[in-house]
Amino acid sequence: MKKSYRVKSEKDFNAIFNDKQSVANKRFVIYKLDKDQKHFRVGLSVSKKLGNAVVRNGIKRKIRHVLIEHRQELQPVDFVIIARKGAEELNYKEIERNLLHVLKLAKIYQEGILSEKEE
């Protein structure tokens, strides 16, 4: 995933958390901040409670892959994905299903619809 698609700075993370728009399901929590930009930016948070570095990086890799696969259907907003306990036990398809579900709840993912800026 290109750097322009990532939320990296503490200032950006705090701005997203302070906006207090969040939705969750059993495996993921999403905080979002509506912004006027060309494409989405995402920050990932996976707690040490979920496993060692190998396990956490595996979860993040799967999440990034889902986002890249569905990038055309994601709204141009900033958001942070937090993995909850149990995410470490999911395979790729289960992560994809859970993540798309919570993205739909957050109104970030719209199936089959390109974002206005890309049309």
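Not measured: the values here are computed from a predicted model. (Residues numbered from 1 in each chain as written. Predicted model: local features only at pLDDT ≥ 70, side-chain atom pairs only at ≥ 80, totals over all residues. Heavy atoms only, no water.)

J.: Hey, could you run me through the overall build of the protein chain in this one?
T.: From N to C terminus, the protein chain includes 3 helices and 4 strands. Starting at the N terminus and walking to the C terminus, you meet the elements of the protein chain as α-β-β-β-α-β-α. Taking 119 residues into account, the globule formula puts the C-alpha radius of gyration at 14 Å, and the protein chain, at 13 Å, falls close to it. Along the three orthogonal principal directions, the C-alpha set of the protein chain runs to about 40 × 30 × 25 Å. Counting the 119 residues in the protein chain, one finds 43% classified as buried. Long-range contacts, defined here as pairs at least 24 residues apart, represent 80% of the contacts in the protein chain between residues at least 6 apart. In the structure as shown, the protein chain presents an accessible area of about 7,200 Å², 48% of it carried by carbon and sulfur atoms. Of the charged side chains in the protein chain, 27 are positive and 16 negative; the average position of the first set lies 7 Å away from that of the second. (Helix = DSSP H or I, 4+ residues; strand = E, 2+ residues; numbered from the N terminus. Rg over C-alpha atoms; globule rule 2.2 N^0.38 Å. Buried < 20%, exposed > 50% of the residue type's maximum accessible area, 1.4 Å probe, protein only. Contact = heavy atoms within 4.5 Å. Areas by Shrake-Rupley, 256 points an atom, 1.4 Å probe, with all protein chains shown as cover. Lys, Arg positive; Asp, Glu negative; His and termini not counted. Charge placed at Lys NZ, Arg CZ, Asp CG, Glu CD.)

J.: Help me out: how do you make sense of a positive patch on the surface in this one?
T.: Taken together, the side chains of Lys 3, Lys 8, Arg 61 and Arg 64 present a region of like positive charge at the surface. Among the residues examined, Arg 61 registers a relative accessible area of 54% and is labelled exposed. (Patch = residues over 30% accessible without salt bridge, like charges linked within 9 Å, V, L, I, M, F, W, Y side chains within 5 Å. Salt bridge = Lys/Arg side-chain N within 4 Å of Asp/Glu carboxyl O.)

J.: Mind showing me how you'd approach the environment of Gly 43 here?
T.: Relative to the helices and strands, Gly 43 resides in strand β3 (residues 41-46). Residue Gly 43 is classed as buried on the basis of its relative accessible area of 2%. The sequence separation of Gly 43 and Ser 9 amounts to 34 residues, and the corresponding C-alpha distance is 9.3 Å. When residues no more than four places from it in sequence are discounted, the contact partners of Gly 43 are Val 7, Phe 13, Phe 79, Val 80 and Ile 81.

J.: Can you walk me through the nonpolar core in this structure?
T.: Proteins that are soluble and globular tend to have nonpolar side chains buried together. Counting 27 residues, the largest nonpolar core has Ile 63, Leu 67, Phe 79, Ile 81, Leu 99 and Leu 103 as its most contacted members. Mapped by element, the contributors of at least two residues to this core are β2 (28-33), β3, α2 (53-69), β4 (78-83) and α3 (92-105). Of all the elements, α3 adds the most residues to this core, at 5 residues. In this structure, Phe 79 is in contact with Val 7, Ile 16, Ile 30, Tyr 31, Lys 32, Phe 40, Arg 41, Val 42, Gly 43, Leu 67, Leu 103 and Ile 108, ignoring residues within four places of it in sequence. Residues Val 7, Phe 13, Ile 16 and Leu 33 belong to the second largest nonpolar core, which totals 5 residues. (Core = buried A, V, L, I, M, F, W, Y, C linked by side-chain atoms within 4.5 Å.)

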